[in-house]
Amino acid sequence: LIQKIGEVTADEMSLASVDWTFAPTVAVARDKRWGRSYESYSENPADVAAYAGRMVEGLQGEGGGVNGIKPGHIMSTAKHFLGDGGTKDGKDQGDAEMSEADLARIHGAGYPPAIEAGALSVMISFSSWNGQKMAGNKRLITGALKQRMHFDGFTITDWDAHRQLESCAKDDCPEAMNAGVDMFMAPDSWKPMYENTLADVKAGIIPMSRLDDAVRRILRAKIKGGLFTLGAPLDRPLSGKWDQLGSPEHRAIARQAVRESLVLIKNENHTLPLDPGARILVTGSGANDIGKQSGGWTITWQGTGNSRADFPNGETIYEGIAEAVKQAGGVATLSDNGFYKEKPDVAVVVIGEDPYAEFQGDRTNLDYQTGDRSDLEMIHKLKSAGIKVVTVFLSGRPLWTNPEINASDAFVEAWLPGTEGGGVADVIVGDLNKQPRYDFKGKLTFSWPKYANQGPLNVGTPGYDPLFPYGYGLTYADIGDVPQL
């Protein structure tokens, strides 16, 4: 499935004549207070290693990094090298304080599979390792990545990351290039950066051999990426075939990904699957909001400021549920803040984090609604009226939600399902015989906190004490009752 996701992503980006993507993220998020945790596949490095190569193969095509990328595929980037998911207190662009053995074993796990699959570029992290900024770490960029891992693609800094080196300016950074950086991401200072880098080479500050190596690596990737043979974007075979964007085949893969990533946390008295012939109230801040379903890095950087109209071809969770029950004679009603005119049989409450991206998503603790229990109050109000409540939780990470779980008859972690809200309905709404149409497959790849201030919580570490452990996830065959937390 991961490889299929990569293939669909590459196909759609190719239609738009985009040749290169900054993915996959192979960070291993070890402190979920980090605002980029949702970009990580897992706290377990083995999961990240298993997925990294398959995503590269999906994006570039199998063998694309060796034999050349065929039309319909694009160049990939493994990122962010190295230790971005292991910074102290989960601070974005922070410092990973750990031994070299742990840095390699945990945070380096995704790079060898990505390189073996042919990843043509690696992005260097903003973050530091034991006080040294990665963009200037020759031992790791040249020594570990290029020499020991035999990476023959090119490295690129993150957005102006070179500026954080003490010896560097926004438009001049020989330290980073001498450390092994091949390309600078300098979106608004590229021209003086070029001129100053050229002057540094002529002055001998950057050896000519280092410049040759960087140019060779970039040219090699461009050749493998087909940039010298594809022609101008308008002349390419797939150019302008906009009907293939969001095609039914592509949306089916996205919907499958939603179904298979849902994690059933609680299902007391077999509340789920929902009877499609019932009166279903769908409410909560995420019920009809694709922006909230999708999170950050979408139409806007932080994923904020979007409306339903910005996603004309997507489907909200409410719309997916309404479509699922329509054929069975049931009724799904969209409600604001849990209000209703006719008492429903069951309420689906869709709540969760508002969108965020890098650094703005960092948290000091994992309490879902610190000082604001409006969502919990809505759940209690519905329960006090004798209405069963199914909570669908949208988030980029596990959060301390003990009160919400306690108050709900069923609790589903839906993560950030994106534009295919119907994938949620596929699993939680039953068929005409009230039997599951699809079972829950998802398992936690991040441990669920028992306390709001638990901090780093990772499987296999001393004192491991989660509320729900790594690998947890109920199916419809399981007894879904959860004791009061």
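In short, a report on the structure. None of the values given here were measured: they were computed from a predicted structure.

**Focus: the overall build of the protein**
Alright, step 1. If you tally the helices and strands in the protein, you get 15 helices and twelve strands.
Alright, step 2. Taking 485 residues into account, the globule formula puts the C-alpha radius of gyration at 23 Å, and the protein, at 24 Å, falls close to it.
Alright, step 3. Principal axes of the C-alpha set define a box for the protein whose edges measure 80 × 55 × 35 Å.
Alright, step 4. The buried share among the 485 residues of the protein stands at 58%.

**Examining a nonpolar patch on the surface**
Alright, step 1. A surface patch of nonpolar side chains, amounting to about 390 Å² of accessible area, comprises Val215, Leu219, Ile223 and Phe228.
Alright, step 2. Residue class for Leu219 comes out partly exposed when judged on its relative accessible area of 38%.

**As for the sheet that holds strand 5 (residues 132–133)**
Alright, step 1. Sheet architecture is open: three strands sit in the order 2-4-5, paired in mixed fashion. Each edge of the open sheet is held by one strand with a lone partner, namely strand 2 (95–96) and strand 5.
Alright, step 2. Here strand 2 pairs with strand 4 (residues 128–129) via two bridges, running parallel. Each bridged residue has a counterpart across the sheet, and for Asp95 the counterpart in strand 4 is Ser128.

**Quick look at the sheet that holds strand 3 (residues 121–124)**
Alright, step 1. Pairing within the open sheet is parallel, and its three strands lie in the order 1-3-6. Strand pairing shows two members of the sheet lacking a second neighbour, strand 1 (77–81) and strand 6 (154–157), which therefore form its edges. Shown here is a sheet whose adjacent strand axes are inclined to one another by a mean of 25 degrees, direction ignored.
Alright, step 2. Inspection of the sheet shows strand 1 paired to strand 3 by three bridges, in the parallel sense. Each residue of the ladder has a partner; that of Phe81, found in strand 3, is Ile124.

**Considering the pairing of strand 7 (residues 263–267)**
Alright, step 1. Here strand 7 lies mainly inside the structure; five of its five residues are buried.
Alright, step 2. Sheet topology note: the strand 7/strand 12 (residues 410–415) ladder contains four bridges and is antiparallel. Bridging from a neighbouring strand, Val263 pairs with Glu413 of strand 12.

**Points about the state of the cysteines**
Alright, step 1. The final tally for this structure, using the stated rule, is one disulfide.
Alright, step 2. Across a sulfur-sulfur distance of 2.1 Å, Cys168 and Cys173 are joined as a disulfide pair. With the S-S bond torsion at 65 degrees, the cross-link from Cys168 to Cys173 turns out right-handed.
Alright, step 3. Look at Cys168 and you get buried, because its relative accessible area is 13%.

**Looking at the pairing of strand 11 (residues 388–394)**
Side-chain direction in a regular strand flips from residue to residue, so the side chains alternate between the two faces of the sheet.
Alright, step 1. With six of its seven residues buried, strand 11 lies for the most part within the structure.
Alright, step 2. Pairing geometry for strand 10 (residues 346–352) and strand 11, over seven bridges, is parallel. Residue Val348 lies in a different strand from strand 11, and its bridge partner there is Val390.
Alright, step 3. For the handedness criterion, the β-α-β arrangement of strand 10, helix 13 (residues 374–384) and strand 11 is classed as right-handed.
Alright, step 4. Across five bridges, strand 11 lies against strand 12 in parallel orientation. Bridging from a neighbouring strand, Thr391 pairs with Phe411 of strand 12.
Alright, step 5. Each parallel crossover has a hand, and the one from strand 11 via helix 14 (residues 402–407) to strand 12 is right-handed.

**Considerations on the nonpolar core**
Soluble globular proteins tend to pack their nonpolar side chains together in the buried interior.
Alright, step 1. Core analysis: the biggest nonpolar cluster contains 58 residues, and Leu272, Ile321 and Ile428 have the highest contact counts within it.
Alright, step 2. Take this core: its biggest share by element is six residues, from strand 10.

**Concerning the side chain of Asp375**
Alright, step 1. Here Asp375 lies in helix 13.
Alright, step 2. Despite its burial, Asp375 remains without a salt bridge, the nearest opposite charge being carried by Lys292 at 5.8 Å.
Alright, step 3. Once residues within four sequence positions are removed from consideration, Asp375 is found in contact with Ile351, Gly352, Tyr368 and Gln369.

Cut-offs used in this document
- Positions within a chain are numbered from 1, following the residues in the order the chain's sequence is written.
- Given that this is a predicted model, residues contribute local features only at a pLDDT of at least 70 and side-chain atom pairs are listed and counted only at 80 or more, while totals for whole chains, interfaces and linings are drawn from all residues.
- Note that the side-chain values use all heavy atoms of the structure and ignore hydrogens as well as water.
- Secondary structure is summarised from DSSP: a helix means a run of H or I of at least four residues, a strand means a run of E of at least two, and numbering begins at the N terminus for each.
- Each radius of gyration reported is based on C-alpha atoms, and the globular scaling rule is 2.2 Å times the count of residues to the power 0.38.
- Note on classification: 1.4 Å probe, protein chains only; a residue is buried when its accessible area is under 20% of the maximum for its type, exposed when over 50%, partly exposed between these limits.
- Surface patches are drawn from residues lacking salt bridges whose relative accessible area is over 30%; two like charges belong together within 9 Å, two nonpolar side chains (Val, Leu, Ile, Met, Phe, Trp, Tyr) within 5 Å.
- Calculation of accessible area relied on Shrake-Rupley with a 1.4 Å probe; when residues are assessed, cover is drawn exclusively from the protein chains displayed.
- Every case where a carboxyl oxygen of Asp or Glu lies within 4 Å of a side-chain nitrogen of Lys or Arg is listed as a salt bridge.
- For two strands to be treated as a pair, DSSP must find at least two bridges joining them.
- Axis angles are defined between N-to-C directions and span 0 to 180 degrees, where every axis is a line fitted to C-alpha atoms and, for a helix, only to the segment in contact.
- Disulfides are defined as cysteine sulfur pairs within 2.5 Å.
- The handedness rule is simple: strands pointing away from the viewer, and a clockwise path from the first strand over the helix to the second, make the crossover right-handed.
- Grouping buried Ala, Val, Leu, Ile, Met, Phe, Trp, Tyr and Cys residues that are joined through side-chain atoms within 4.5 Å yields what is termed a nonpolar core.
- Lys and Arg are tallied as positive, Asp and Glu as negative. Neither His nor the chain termini are counted.
- Whether two residues touch is decided by their heavy atoms; if any such pair falls within 4.5 Å, the residues are in contact.

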